[in-house]
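# Structural characterization, general
For reference, the chains in residue letters:
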Amino acid sequence: MPRQQRIRDPLHDLIEFNVEQSQVEDVLWRVIQTRPFQRLRRIKQLGFSDFVYPGATHSRLLHSVGVFHTARRLMKVIEKYIPARDARVDQALAAALVHDVGHGPFSHAFERIGERFGLTMANHEKVSDLLIRDSEVASELRVLGSGFANDVADMVSGSGAPSIYSAVVSSQFDADRLDYMRRDRLMAGSQHAGIDFEWLVENLEVGEVEHSVGETRLKPVQTFVLGRKAIFAAEAYVLGLFQLYPTVYFHKATRGAEHICAELLARAIALIRDGSIEKTGLPRTHPLVRFAQTPDVIECALALDDTVVWGALSLMVDSDDDWISTLAGRLRDRKLYKCLDVRAKIAHEKDDTAALSSEADSVCANIRDELGRCLDQWSAAHPDSPPRILVDEVERSPYKTLTEDTKGPLNQINIHTEGDHLVDLSERSNVVAALKAYKAFRVYYADGDDEAKGKITDIIERGISQWMA
């Protein structure tokens, strides 16, 4: 009996690696043992979502292994249509496993900091690319060929030519999405967003989709398409993914915690760069201090994970800096800011349709600008005090047609019609065609800060009343 390595997974049950009979699976099993990949154990897949759903503490490591397992399922679909073995099969399986290896602590909050300070190593895509091309991960991958690691990195980044194999890694039915949709729902305990996974996979086919750039017609691209029996499962898939955003990913408490974390880390990095390390409450050898001082060194980025940040909070609570100590205490003890939902207020005053309209977008923009001016005044008067207002704006489109801003035909859902034509799902489904973008505009303030609450409320009410007048 060939020796196998097994991982017990709450979603997929047993995920097996046949390390004796498959060189690829043997190499990928060794990739899992590397330091960069093991670091993903200490990074939660959903960041602060366990503040709302206490069961949602699953790691990016388990998700990554689940993506690999799902990719193997998708490869079996491809084999039905393209029986000849292609080198890109192995590249896609490896890419599925390592696609998230560069994520930092509390990914979204950390990446906001990266954008604010221009920190390359806070961008998970850039860090992933570096680790796959030149690290312990790369050394293991090169057992499969001197250029194998670079080919995998190209597939993860999407820089190579689109193909059915890259569709396994990035498309409407990629292994990443098919894993996290089911895993996040399971671990959160949500009854929303259920999909008929087995029926979708059973009805997946490989088809050629024509596309063009401007007036230039390009060569048809092979990608996953669905048989006509799966149209209702496809609708449920689009709706399920869409429902995860307002209920889990964009939950007001989760987003509020992310903003507090971002402001806390921003303050700490600013103080460290200013030479005021002692004000953060952190020792000079702390990984956060070293990262702030040398943010372009990948080893400093690899030293960061969720546990490093959580462990720092108790030190930061004792900081002499009010900004640091207040926000660290709030995050540690889940004392989040209170939330006022502007679009929910618009929906209450007018109607739900109005809350998502372009006119409402303008109202929200005016309110945001006035809140910004108010915050600037408060910050100027008390520069060392934590922000009294946090603003959160998000938007998520349920499904984009090929004419919109998409990454091309791999990001469409095409259905086989009775006449054996391929048609975009939005043209076959009235449900999908009728979906509107989800938009949220929220303002957070510290509990007990009645002045801030009153000011925010006044700005919101004036903005809405002027629009409705």
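The notes below deal with the structure included here. (Residues numbered from 1 in each chain as written. Predicted model: local features only at pLDDT ≥ 70, side-chain atom pairs only at ≥ 80, totals over all residues. Heavy atoms only, no water.)

## Focus: helix H4 (residues 87-98)
The condition is simple: Comment: elements are numbered from the N terminus, with helices defined as DSSP H or I runs of at least four residues and strands as E runs of at least two. Take the residue count of a helix, subtract one, and multiply by 1.5 Å to get its expected span. Exposure classes here rest on a 1.4 Å probe applied to the protein chains alone. A residue is buried below 20% of its type maximum, exposed above 50%, and partly exposed in between. Two N or O atoms form a polar contact when they lie within 3.5 Å of each other; inside protein one atom must be a possible hydrogen donor and the other a possible acceptor, and for residues adjacent in sequence the pair counts only when both atoms belong to side chains.
The first and last C-alpha atoms of H4 sit 17 Å apart over twelve residues, in line with the 16 Å expected at 1.5 Å per residue. Of all twelve residues in H4, ten are buried, a share of seventy percent or more. Of all the positions in H4, only Val-89, Asp-90, Gln-91, Ala-92, Leu-93, Ala-94, Ala-95, Ala-96, Leu-97 and Val-98 are classed as buried. The N-capping residue of H4, defined by a side-chain oxygen 2.7 Å from the backbone nitrogen of Arg-88, is Asp-86.

## Structural notes on the packing of helix H1 (residues 23-32) against H4
Here is the rule we go by: Lines fitted to C-alpha atoms define the axes here, with helix axes fitted over just the stretch in contact, and angles between the N-to-C directions of these axes take values from 0 to 180 degrees. Each angle receives one of four descriptions, namely roughly parallel if under 35 degrees, roughly antiparallel if over 145, roughly perpendicular if within 65 to 115, and oblique otherwise. Less than a right angle of anticlockwise turn of the near helix away from the far helix marks a crossing as left-handed, whereas a clockwise turn marks it as right-handed. Contacts are residue-level and defined by heavy atoms, with any inter-residue pair within 4.5 Å sufficient. Gly counts as polar in this scheme, as do all residues outside two lists: the nonpolar Ala, Val, Leu, Ile, Met, Phe, Trp, Tyr, Cys and Pro, and the charged Asp, Glu, Lys and Arg.
Running from N to C, H1 and H4 cross one another at 20°; their axes reach a closest spacing of 11 Å. Looking at the two axes, H1 sits roughly parallel to H4. For the pair H1 and H4, the crossing hand works out as right-handed. Judged by residue contacts, Val-24, Leu-28, Val-31 and Ile-32 of H1 engage Asp-90, Leu-93, Ala-94, Leu-97 and Val-98 from H4. Residues belonging to the contact of H1 with H4 are distributed by class as follows: eight nonpolar, no polar and one charged.

## Examining the nonpolar core
Operational definition: Working definition of a nonpolar core: buried Ala, Val, Leu, Ile, Met, Phe, Trp, Tyr and Cys residues. They are joined through side-chain atoms within 4.5 Å.
Grouped together as the largest cluster of nonpolar side chains are 136 residues, with contacts concentrated most on Phe-17, Leu-28, Leu-141 and Ile-413. Of the residues forming this core, the biggest block, twelve residues, is contributed by helix H13 (residues 252-273). Not counting residues up to four positions away in its chain, the partners in contact with Ile-413 are Gln-172, Phe-173, Leu-226, Ala-234, Tyr-237, Val-238, Tyr-399, Val-423, Asp-424 and Leu-425. Of all hydrophobic cores here, the second largest spans 20 residues; its members include Ile-346, Cys-374, Ile-389 and Ala-452.

## Comments concerning the side chain of Ser-166
Tracing the sequence through the fold places Ser-166 in helix H9 (residues 164-169). By relative accessible area, Ser-166 is classed as buried at 13%. Beyond its immediate chain neighbours, meaning those up to four positions away, Ser-166 contacts Met-155, Ala-161 and Leu-410.

## Quick look at the packing of aromatic side chains
The line we're drawing: In summary, the pairing rule links any two rings of Phe, Tyr or Trp, Trp by its six-membered ring, whose centres are within 6.5 Å, and it sorts them by plane angle into stacked for under 30 degrees, edge-to-face for over 60 and tilted for everything else. Counted as over-ring charges are cases with an Arg CZ or a Lys NZ within 6 Å of the ring centre that also lie within 35 degrees of the ring normal.
What the rule picks out here adds up to 13 aromatic pairs. Pairing Phe-250 with Tyr-438 gives two aromatic rings, centres 6.2 Å apart and planes at 20°, and the pair type is stacked. Residue Phe-250 is found in the loop between helix H12 (231-249) and H13, and its partner Tyr-438 is found in strand S9 (residues 438-445); the two are separated by 188 residues along the sequence. Classification of Tyr-438 as buried rests on a relative accessible area of 18%. Between the NZ or CZ atom of Arg-182 and the centre of the ring of Phe-197, over which it lies, the distance is 3.6 Å.

Structural measurements only, silent on function.
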